[in-house]
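Residue-level structure breakdown
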Amino acid sequence: MVKKIFLIIVGTAVSLLLISSASMALTGGPDGFGYEFYDSSEGDVPPFSWIDISESGSLLGLNDDQVAGPIPIGFTFKFYGHNYTQVYVSSNGFISFNSGSGNGCCSGDSLPTPGGDADNIIAAFWDNLDPSG
Amino acid sequence: MFIVEFSNIPFSAIGSIKNYFQIILYEGSNHILVNYLDVTSRGSGNTTAGIENLNGTTGLQYSRMDTPGRYTNRYVRYVPPSENGTRALYFPHVDSGGNTWETEIGVINKSEQELNGIFKAYNDNGESVSSNIAVTLPPKGRREITIGNEFMNPGDIGYIIFESDSESLAGYTKFYQEGVYRAAIPAVKVVNASDIYISHIDSIAYWWTGISLVNTTSAAKELTITFNDGRSVAYTLNANEHKAFTIDSLFNDQPQPDIKSAVITNASGIIGLEIFGSAGSDNQLDGLLLTDNTASTIYYPHVASDALWWTGIVAYNPSDSACTITITPYSAQGTPLLVSTLPLAGKGKYIGLVSNLGLPAQTAWFKIDSTRPLTGFELFSTVDGDQLAAYAEKSGAGAKEGVFAKIEKSGWTGIAFVNIENAPADVTMTAYNDTGSVIATQTLNISSYEKVVGMAPYLFSQDISAATYIGYSSDKNLVGFQINASSDNMMLDALPGM
């Protein structure tokens with residue numbers, strides 16, 4: 001079973017202020033549980049592939065500093081040893097498995113931070129984002 | 001899989017900058033992939049990327065985002081530990097213990113640290129069979145096992161998992177009929193997390209195609225195999241089950257000449273391979289891993305078309321939408337030759353013998369760039385129909401280090417690789433024995449887009465007869481593979497640099 005969620009905001013053309021940083025391989029971990037990460041600048045990994053869900057996804061329609069959820073995952077996902085079947089989506093660029101998760105306004109915590117603005121999270125790009133902007 | 005996408009999202013105070021990224025959760029493997037199509041980090045103290053546990057007591061921070069800047073077309077993958085804290089390397093098909101087939105597996109420790117691991121054998125139902133084999137590999141060490149010689153009850157084994165304390169390793173499986181044919185497949189480090197592409201199927205009178213699949217998850221998987229002609233087959237793999245079948249067996253054992261490719265959906269947690277074999281009196285056989293990998297550039301790093309050899313190639317567009325492919329051939333010295341551009345339909349293939357593709361006569365290798373992601377591979381065969389080798393590059397981007405995993409002792413090993421970057425490459429090749437001792441080293445300076453090809457011993461100025469495999473490192477990305485042949489010129493196989 002596949003569940004897809006789609007957030008889309010219609011906006012104007014973007015004027016980018018910053019330029020690309022250097023591209024070097026990066027790996028990290030393991031953390032205290034054993035998670036590791038690697039990124040796509042490492043040579044021996046599959047290439048980047050964006051998955052287009054612009055037609056198949058469902059729009060959440062989040063506004064500034066909001067959390068949507070619970071949203072069913074469609075299967076059991078194990079995260080740090082716990083099984084979850086639903087997530088909460090913050091407009092500030094992360095998802096949490098905690099019910100009642102904070103929205104994380106207005107900047108990302110260092111990770112890990114016990115008792116931070118939000119815990120039990122996957123922070124893709126945690127910052128002061130505003131989908132309604 | 002489950003996807004949360006953030007599209008066209010501005011900062012609260014900087015509305016002109018928009019960010020595009022997505023979080024993907026994978027069933028079975030529990031991997032987390034974060035795709036960054038286009039984001040602009042404000043840096044440490046503002047932008048954070050990473051994961052954190054229930055109470056915030058442990059986690060990982062993806063430090064790339066700590067540096068302000070724009071990041072495009074990249075991803076970070078968060079990988080959980082296996083249930084017992086070890087890393088798994090899969091050998092997804094074993095055939096041993098009968099009178100005809102035998103299987104050899106090999107593991108190479110690519111790191112400078114000692115590696116400890118255990119080979120565990122499973123039957124087709126995913127039940128543990130035979131006895132485990134514990135292995136300690138010294139730095140750069142290698143272990144090769146013939147299943148029928150070292151495992152109890154080899155005939156019961158369907159697949160093998162090597163559990164170890166290291167991520168820095170590579171492996172392979174070779175299954176063969178002595179004096180007839182042999183197939184070689186890289187061991188699987190990364191379990192498929194989405195749809196699997198079967199780039200090529202031949203189910204006709206002369207060729208047969210076999211599929212072998214393993215469900216690495218602890219739940220049954222309901223797969224759908226959808227073929228290029230629109231037909232589909234539902235296929236169930238129980239938890240940890242291994243199954244092998246031929247394409248024609250899905251259709252009352254009748255050849256299916258209209259079937260040329262397929263996509264396996266709901267395949268998260270599934271690994272496998274496909275085998276091409278010839279029927280009749282010929283003895284061609286080799287295989288490819290089945291993966292969810294696609295790439296916008298496919299490399300074909302060697303072409304052999306002469307009185308003894310033919311080379312066939314496939315580039316497959318798994319999308320429903322058409323794309324445009326650009327074929328760039330190069331001479332052996334790296335000179336770009338006449339470029340051609342072609343349309344490729346959705347689910348279409350660019351396929352043929354290299355000798356019939358109209359490439360310039362000086363073509364030593366070529367690449368195909370595409371406006372949509374492709375899969376692809378090469379086949380090398382002798383014209384006498386006795387030998388076949390299949391090769392597919394795994395990343396679409398080459399690598400700066402790797403191993404050619406086995407030097408043939410009673411036959412020959414040929415190696416071909418190209419520098420895929422537009423600058424000279426400094427390459428160091430090192431020949432090792434199984435204990436990790438250096439037998440010989442050789443440095444090479446390779447021009448941009450130049451190809452190196454030769455028999456393994458002749459790539460070194462020193463004697464490498466005591467070596468069992470070759471490692472390489474480079475300051476530029478390389479794409480290449482090895483071909484191994486038996487001394488009777490019957491068993492042939494290919495493996496990519498790993």
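Residues numbered from 1 in each chain as written. Chains lettered and ligands numbered in written order. Predicted model: local features only at pLDDT ≥ 70, side-chain atom pairs only at ≥ 80, totals over all residues.

**Focus on the nonpolar core**
All names here are of chain B. Rules: The term nonpolar core means buried Ala, Val, Leu, Ile, Met, Phe, Trp, Tyr and Cys residues held together as one set by C-beta atoms within 7 Å. Burial is judged by counting other C-beta atoms within 10 Å of a residue's own C-beta: 20 or more means buried, 12 or fewer means exposed, and anything between counts as partly exposed, with every C-beta placed from the backbone. What counts as a helix is a DSSP run of H or I of at least four residues, what counts as a strand is a run of E of at least two, and both are numbered from the N terminus. Contact between two residues is assigned whenever their backbone-derived C-beta positions fall within 7 Å.
Val34, Ile160 and Ile470 are the most contacted members of the largest nonpolar core, which has 167 residues in total. A total of eight residues in this core trace back to one element, the largest contributor, which is strand E35 (residues 469-486). Setting aside residues no more than four positions away along its own chain, Ile470 makes contact with Val403, Phe404, Ile407, Met429, Thr430, Ala431 and Ala456.

**Some details on the interface of chain A and chain B**
Under the convention used in this document: Following the grouping adopted for this structure description, the nonpolar residues are Ala, Val, Leu, Ile, Met, Phe, Trp, Tyr, Cys and Pro, the charged ones are Asp, Glu, Lys and Arg, and the polar ones are all others, Gly among them. Pairing between strands is defined by DSSP: at least two bridges between them are needed.
Across the boundary between the two partners, chain A contributes 80 residues, which contact 78 residues of chain B. Listing elements by their share of the side of chain A that touches chain B, those giving two or more residues are strand E1 (3-8), strand E3 (36-39), strand E5 (67-79), strand E6 (82-90) and strand E8 (121-126) of chain A. Across the side of chain A that touches chain B, the residue classes tally to 43 nonpolar, 25 polar and 12 charged. Of the pairings in the sheet, the one linking E3 of chain A to strand E6 (residues 69-79) of chain B comprises four bridges and is antiparallel in character. Within E6 of chain B, the residue paired with Phe37 of chain A across the bridge is Tyr78 of chain B.

**A short note on the confidence of the model for chain B**
Keep this limit in mind: For every residue, the pLDDT score states the predictor's confidence, bounded by 0 at the bottom and 100 at the top.
The predicted model of chain B averages 92 in pLDDT, with 99% of residues at 70 or higher. Across the predicted assembly, pTM comes out at 0.73 and ipTM at 0.86.

**Overview of the pairing of E3 of chain A**
Residues and elements named next belong to chain A. By the alternation rule, side chains of E3 split into Phe37 and Asp39, which are all buried, and Glu36 and Tyr38, of which none is buried. The pairing of strand E2 (residues 27-28) with E3 spans two bridges and is antiparallel. For Gly28, the partnering residue across the bridge sits in E3 and is Phe37.

**Looking at the sheet that holds strand E7 (residues 87-91) of chain B**
Residues and elements named next belong to chain B. The condition that has to hold: Note on definitions: angles span 0 to 180 degrees between N-to-C directions of axes, and those axes are lines fitted to C-alpha atoms, for helices only across the stretch in contact.
Overall, antiparallel pairing links the four strands, which are arranged E7-E12-E9-E10 in an open sheet. What marks the edges here is a single partner per strand, and that holds for E7 and strand E10 (128-137). Averaged over neighbouring strand pairs, the angle between their axes works out to 20° when direction is ignored. Here five bridges tie E7 to strand E12 (residues 159-164), and the two strands are oriented antiparallel to one another. Bridging from a neighbouring strand, Phe91 pairs with Ile160 of E12.

**Focus: the sheet that holds strand E13 (residues 169-177) of chain B**
Residue and element names in this part refer to chain B. On the basis of which strands lie adjacent, the open sheet formed by four strands has the order E11-E8-E13-E14 and antiparallel pairing. The open sheet has two edge strands with one neighbour each: strand E11 (142-146) and strand E14 (181-186). Between one strand and the next, the sheet's axes are offset by a mean angle of 15°, whatever the strand orientation.

**Details of the pairing of E14 of chain B**
Residue and element names in this part refer to chain B. Of all the six residues making up E14, six are buried; the element is thus mostly covered by neighbouring parts of the structure. Residues Tyr181, Ala183 and Ile185 line one face of E14 and the alternating positions Arg182, Ala184 and Pro186 line the opposite face, and both faces are buried. As defined by bridge partners, E13 adjoins E14 across six bridges and the pair is classed as antiparallel. Within E14, the position partnered with Phe175 by the bridge is Ala183.

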